[in-house]
Amino acid sequence: MRCTLLRAAIATAVLTPFASTMVMAHHGWSWAEAEQIELSGTITAISFAPPHPSMEVQADGGVWKVELSNPGKTQRSGFVEGVADVGDAVTLIGNRSKDREELRMKAVRVMVGNKTYDIYPERIETN
């Protein structure tokens, strides 16, 4: 019993730093530029599945992969299944990938029709 507890403690001590690094890499903003952009286009795919709801948007330059927040935060913004669908026009405010070859953004605001959904209201830059 004592040996099992010791092994568990050692495993936790060794693996915890790696787990937290993976979580930060997945959930952080370090991959995105600080400056926000506006992107307009047509939704070609949309998913509300964990870990992050996302969509693909056809815009000038190609198809963008757009990440939203976790399902709970995205839902609290009002952006839920049924408010947008494939074929809808969409305007997004968000932070694009630092890798200019990658058409990827983390959206802080989504606008569909006459509705605005603030996914990350605390991160929206105003002029």
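Below or above, wherever it landed, is the structure these notes cover. Nothing here was measured: the structure is a model prediction, and the numbers come from that model.

Moving on, we come to the environment of T42. Here T42 shows up in strand 1 (residues 32-47). Between the C-alpha atom of T42 and that of V63, which follows or precedes it by 21 residues, the distance is 9.3 Å. Non-local contacts of T42, meaning those with residues more than four positions away in its chain, are made with E56, V57, Q58, G87 and D88.

Taken as a whole and assessed by the stated rule, the structure comprises five salt bridges. Here E33 ties to R100 by a salt bridge, and the two come within 2.9 Å at their closest N and O atoms. Of the two residues, E33 is situated in strand 1 and R100 in the loop between strand 4 (89-97) and strand 5 (104-112); the sequence distance between them amounts to 67 residues. Residue classification places R100 among the exposed positions, given a relative accessible area of 53%.

Another aspect to go through is the nonpolar core. By size, the foremost hydrophobic cluster in this structure holds 23 residues, and its most contacted members are M55, V66, L68, F79, L92 and V110. Of all the secondary structure elements, the ones that give two or more residues to this core are strand 1, strand 2 (54-59), strand 3 (62-67), strand 4 and strand 5. Take this core: its biggest share by element is five residues, from strand 5.

Cis rather than trans, the peptide bond between P50 and P51 has omega equal to 10°. Tracing the sequence through the fold places P51 in the loop between strand 1 and strand 2.

Attention now moves to the packing of aromatic side chains. This structure, assessed with the given rule, holds three aromatic pairs. Ring geometry for F48 against F79: centres 5.6 Å apart, planes inclined by 35°, an arrangement best described as tilted. Of the two residues, F48 sits in the loop between strand 1 and strand 2 while F79 sits in the loop between helix 2 (71-76) and strand 4, which places them 31 residues apart along the sequence. Taking relative accessible area as the criterion, F79 reaches 1% and is therefore assigned buried. Here a set of aromatic residues connected by ring pairs shows up, and it is made of F48, F79 and Y117. Taking NZ or CZ as reference, R104 lies 3.6 Å from the ring centre of W31, over its face. Across the ring face of W29, the terminal group of K106 is positioned such that the distance to the ring centre comes to 5.6 Å.

How each quantity is defined
Residues numbered from 1 in each chain as written. Predicted model: local features only at pLDDT ≥ 70, side-chain atom pairs only at ≥ 80, totals over all residues. Heavy atoms only, no water. Helix = DSSP H or I, 4+ residues; strand = E, 2+ residues; numbered from the N terminus. Contact = heavy atoms within 4.5 Å. Salt bridge = Lys/Arg side-chain N within 4 Å of Asp/Glu carboxyl O. Buried < 20%, exposed > 50% of the residue type's maximum accessible area, 1.4 Å probe, protein only. Core = buried A, V, L, I, M, F, W, Y, C linked by side-chain atoms within 4.5 Å. Phe/Tyr/Trp six-rings, centres within 6.5 Å; stacked < 30°, edge-to-face > 60°. Lys NZ or Arg CZ within 6 Å of the ring centre and 35° of its normal.

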